Every structure is written in C-alpha cells, then in structure tokens.
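# Fold and geometry: a report
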Amino acid sequence: MRVMRWPAALLTFLGMSVLAGMLVTVAVTPAVAVVGEGASGAASFFEDLPDYLDIQTPQQVSTVYATKGGQQVKIASFYAENRTNVTSAQMADSLKEAAVDTEDPRFYDEGGIDVIGTLRGAAATAVGGDVQGGSSITQQYVKNVLVQQCESLTGKTAAQTQAKVDACYQDAAGVTPQRKLQEMRYAIAVNKKYSKDQILTGYLNIVGLGGRVYGAEAGAEYYFGVHAKDLSLVQSATLVAILNNPSNLRIDEPNDKDNGTANGYALTKERRDYVLRRMEAHHSITKAQMTAAIATPVQPHITATANGCSTAATSYDAGYFCDYVRDEVLQDPAFGKTLAERIATLDTKGLQIHTSLDLDLQSQAQSSLSAYVPATMAGVDVGGSNVTVEPGTGRILSMVQNTAYTQGESIAPAPPG
C-alpha cells in the first residue's frame, strides 16, 4: 500500500519544493519573480493571503505593592499566565544562542522562513502523509502570537467562550497545509517589519515552559530562582530543552517516573545535552564547555510565584487587604465593562497596583489586635478587626482581623447602577 502512494507523494514533494523556492524570492523581494502560469498562480494565491499580524503585548502578571521601610514591596500577584516581559539585554546570551542554534540555526540569514526546514518537512509529509513542521523561529513566534490572540476571545456564556477559543486555537495551531502557508505569509511580513533581535526577544518572551509558566524571565525565576539575564549555560540549555515539549520536559514534577528525580530528569537531560551539542557545533561554546555542561546533572530550584493573595497573607498579614484591593479593581468599570472583562484585565494586563498600605504599621496592628482578641479562646467566639485610616486623605494604612485568612474565589459584586 505504501508503494501505491509514491506517485502522489512525489508530486506533493515536488509541489512543495517549487513553493519553497518561490518563498525564497518572496522573503527577500517585494514582488515574486516566477516563470509559467502555474507558478504565477501559486504566487498570486500566496500574495493574496493576509500579511498583517497584530502583535500585541502577551499576557502579563499583575502585581500589588505596599510600603515597608519606605520602600515599595511586592505583596501579591495575579495572572492567568505567569509571564514577565523583558528586553533582549535582560536575557543571557547563552539563552539566545541556545535557542537559535537548536531551533533555527539559519535564523539570522533567512527571510522569515527556513526553506531547508520547509523542504525537509515537505519530504516527511510526502512520505508519511502527515503535514510536518520545519518552522523557523519567526514562524514559531507567529504561531504563538496567534494562539495568544485566541486566549483573549470572549463569548456571552462560558460555553460560547470556550467554543470560540477552541475553534481559534485549531485554526492557529492546527497542522494543515493551509495554515502552514498562512503562517509563512505572516512570518515573511514580520521579518520585514521587525529586526532579528526583536523577533528572537518576542519569541523568548512568549513561549510556554510548562503549566502556567511562560517566557524566559518567568521560566528562569520558576525553575532556577534567577533572572533571565543571570542564567548559566546549563540553565539556558535546559530552558530551551523544555520549550521543545513543555508537557513532557518540565522539571517541576519530581515524582514523574519517566522524567523525575529518580532518573535525573532523563528526558530533559537528553534534550538539554542535544542543545549543548548543537551550541558546540555552531561554535557558540567550546568543546570543553560542552563536555563540562553535559556532565552537570539537571538541578531545578523551583521558586513559584503565588497567584492571588496567599503571599500577602502569609508574609505580611495582609490577605484581607489584598482581597479588598482585588475587589476594588473588579468593581471599577475603568477596568472593563463586565465583571469577566475586569477579571481578565487583572489576570492578563500586567497592572502595577501601588497601594497606601504601610507594612510596618500593618505588623504592629496585627500584633496588637491578636494580643487583645486572639483567634481562638476556649468557650468564646469573638471576631475583631482594625483599620487605620490617614486623617485628611482617607488612605488605608493598615487593615487587620483576628481570624486566619483563607484564600478563596471571592468575586466582587457589580457596581451599583
């Protein structure tokens, strides 16, 4: 049966080869110079595809701040995706080199698409029947941008919203010839509009790294407890390994029998060592550096960013105040017309919320209240609270209760009227 498919498979491969050759021209010139009606028709079809991609800032973590010792201190974070955008200068060179050497070694020379990779993917498609990738970093960036746009969709009901998101995701990430062509069209346009450094930075800021962790900065902080600019060679190679298959290669599940502490995160190490070998092959590191890095075990230092008010409660006795701030945002139409829109704003727009809370005064107030009205007394069930307001301004300086804070799914009521 496989032999019977070869004529059609060969034609598919030849067709994709012609298209790939045409795309080389498209990538570097405004118009496509082609010969013959068939090639002209293919070029016209490709040129007629949409080429404007609205690249917006991806989802960001919103942060709540208070004052301690005269300095602003982060007390809480809210997010749907744990991501903090950083500049190229705030990423380790080893991370950028690892990504390029492994994912797209022709990145700096190509016009948005990897023609050699496309031909290889076409050959695999022709032989195997399934559409294969061969995507450049620019194409991967385009796909991630499209997926990010899907996640901002809303409907009148939760079911409608999910249906919209699912359909959009299938269109953005589905593996079909039509989608690959559109992805290529966008990639060529993006390559003409942005510098290589901007594209690589955008890509490393948007990629998923397992669970709710996205982008280089959040990945570095979560997996290793460092900033992206401070990643070591081994850590950089590990992050690039993870982005290849986040679900299977993440290193925050130590009890995973296939990829956990018992086997030294074997699957991730295998991919990480491949990244290191690619870096050595492309002269980003020396053979000695590669050998030393490969000999280093995978050593995660998981440092989670709490989502919600739990950090405010455990570290600063400010859980109730944090809830108050969240509810103020969710009741304010300035952050969205509906409650769903306001929740989305808080969870995705990277708000920087600086409050009037004085953490030094907060600590004193909590200690005083707990001394006079303890959380538990035999035979007595008494609640106590204290709020300190600055005269003349109404600014809240402290807000405490004598009960133990429990983070819940509190949702503010709609504003009156």
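Up top you'll find the structure we're talking about.
Please read all numbers here as calculations on a predicted model, not as lab measurements. (Residues numbered from 1 in each chain as written. Predicted model: local features only at pLDDT ≥ 70, side-chain atom pairs only at ≥ 80, totals over all residues. Heavy atoms only, no water.)

## Describing the packing of helix α3 (residues 93–103) against helix α8 (residues 196–206)
Counted only if it meets this: In this description, a line fitted to the C-alpha atoms serves as the axis of each element, helices being fitted only across the stretch in contact, and the angle between N-to-C directions of two axes falls anywhere from 0 to 180 degrees. Strands are runs of DSSP state E lasting at least two residues, helices are runs of H or I lasting at least four, and both sets are numbered from the N terminus onward. Geometric relationships in this document are graded by angle, where less than 35 degrees denotes roughly parallel, more than 145 denotes roughly antiparallel, 65 to 115 denotes roughly perpendicular, and other angles denote oblique. The contact criterion used throughout is that any non-hydrogen atoms of two residues lie within 4.5 Å. Classification convention: Asp, Glu, Lys, Arg as charged; Ala, Val, Leu, Ile, Met, Phe, Trp, Tyr, Cys, Pro as nonpolar; all other residues, Gly among them, as polar.
Put simply, α3 and α8 touch, their axes get as near as 11 Å, and they point 95 degrees apart. Taken as axis vectors, α3 and α8 run roughly perpendicular relative to one another. Judged by residue contacts, L95, K96, A99, V100 and E103 of α3 engage L200, Y203 and L204 from α8. Grouping the amino acids of the contact of α3 with α8 by side-chain chemistry returns six nonpolar, no polar and two charged.

## Some thoughts on unusual backbone geometry
Phi is positive for Y265, which is not a glycine, with a value near 50 degrees. Here Y265 shows up in the loop between α11 (246–249) and α12 (266–281). Despite not being glycine, D317 has its phi angle at roughly 50 degrees, a positive value. As for its position among the elements, D317 is in the loop between α14 (310–316) and α15 (319–331).

## Section: the pairing of strand β5 (residues 396–401)
Counted only if it meets this: Residue exposure (1.4 Å probe, protein chains only): buried if accessible area is under 20% of the type maximum, exposed if over 50%, otherwise partly exposed. Here, any two strands with at least 2 DSSP bridges between them count as paired.
Of all six residues making up β5, five are buried, and the element is well covered by its neighbours. Taken together, the five bridges between strand β4 (residues 385–389) and β5 define a ladder with antiparallel strand orientation. The residue of β5 that forms the bridge with V389 is I396. Hairpin geometry of β4 and β5 is characterised by an intervening segment of six residues between the two adjacent antiparallel strands and by a positive phi of about 90 degrees at G392.

## A few points about the sheet that holds strand β2 (residues 71–78)
Paired through backbone hydrogen bonds, the strands of a sheet run either parallel or antiparallel to each other. Ordered in space as β2-β1-β3, the three strands form an open sheet in which the pairing is mixed. Two strands bound the open sheet, and with one partner strand each, they are β2 and β3 (352–358). Strand-to-strand twist across the sheet, computed as the mean angle between neighbouring axes with direction ignored, equals 30 degrees. Here helix α17 (residues 359–372) sits on the sheet and contacts β1 (62–68), β2 and β3; the angle it forms with β3, its principal contact strand, is near 50 degrees.

## So, the packing of helix α5 (residues 137–150) against α8
We apply this condition: Here a crossing is called left-handed whenever its near helix is offset anticlockwise from the far helix by less than a right angle, and right-handed whenever the offset is clockwise.
Put simply, α5 and α8 touch, their axes get as near as 9 Å, and they point 50 degrees apart. Judged on the interaxial angle alone, α8 and α5 are oblique. For the crossing formed where α5 meets α8, the hand is left-handed. In this structure, α5 uses I137, T138, Q140, Y141, N144, V145 and Q148 to contact α8, whose residues at the interface are I199, L200, G202, Y203 and I206. In terms of residue class, the contact of α5 with α8 is made up of seven nonpolar, five polar and no charged.

## Re the nonpolar core
Our working rule: Joining through side-chain atoms within 4.5 Å is the link that ties buried Ala, Val, Leu, Ile, Met, Phe, Trp, Tyr and Cys residues into a set, and such a set is a nonpolar core.
In terms of nonpolar packing, the biggest core is built from 57 residues, with L95, L200, Y203, Y223, L239 and L276 touching the most fellow members. Per-element tally for this core: the top contributor is helix α10 (residues 233–244), with eight residues. Contacts of L276, omitting those with residues within four sequence positions, involve L233, A237, I285, M290, A293 and I294. Judged by nonpolar contacts, the second largest core, of 23 residues, contains C309, V325, L351 and Y405.

## Examining the environment of T102
Mapped onto the elements, T102 comes out in helix α3. Each C-alpha atom of the pair T102 and M279 lies 7.3 Å from the other, and the pair is 177 residues apart in sequence. Not counting chain neighbours up to four residues away, the residues in contact with T102 comprise V240, R271, Y274, V275 and R278.

## Considerations on the pattern of salt bridges
To keep things clear, this is the line we draw: The rule for a salt bridge is simple: a side-chain nitrogen of Lys or Arg has to be within 4 Å of a carboxyl oxygen of Asp or Glu.
The tally for this structure, following the rule as stated, stands at 14 salt bridges. A salt bridge links R271 to E103, with the shortest nitrogen-to-oxygen separation between them at 3.6 Å. With R271 in helix α12 and E103 in helix α3, this pair connects stretches of sequence that are 168 residues apart. With a relative accessible area of 16%, E103 lands in the buried category. One salt bridge connects D258 with K257, and the closest N-O pair in it is separated by 3.5 Å. By relative accessible area, K257 is classed as exposed at 70%.

## Comments concerning the state of the cysteines
Filter applied, for reference: Two cysteine sulfur atoms form a disulfide, by the criterion used here, when they sit within 2.5 Å.
The tally for this structure, following the rule as stated, stands at two disulfides. Disulfide partner of C150: C168, at an S-S distance of 2.1 Å. Handedness here is read from the sign of the S-S torsion; for C150 and C168, about -75 degrees, the answer is left-handed. Placement of C150 in helix α5 and of C168 in helix α6 (residues 158–173) is noted, with a sequence separation of 18 residues between them. Overall, the relative accessible area of 23% leaves C168 in the partly exposed class. Paired through a disulfide, C309 and C322 show a sulfur-sulfur distance of 2.1 Å. Residues C309 and C322 are joined through a disulfide that is left-handed, its torsion about the S-S bond being -75 degrees. With a gap of 13 residues between them, C309 in the loop between α13 (287–294) and α14 and C322 in helix α15 connect regions that are remote in the sequence. Classification of C322 as buried rests on a relative accessible area of 1%.

## Looking at the pairing of β2
Two elements, β1 and β2, share seven bridges in a ladder whose sense is antiparallel. Across the sheet, residue Y65 finds its bridge partner in β2, namely K74. Once β1 ends, the chain turns through two residues before running back antiparallel as β2, passing G69 with a positive phi of about 60 degrees.

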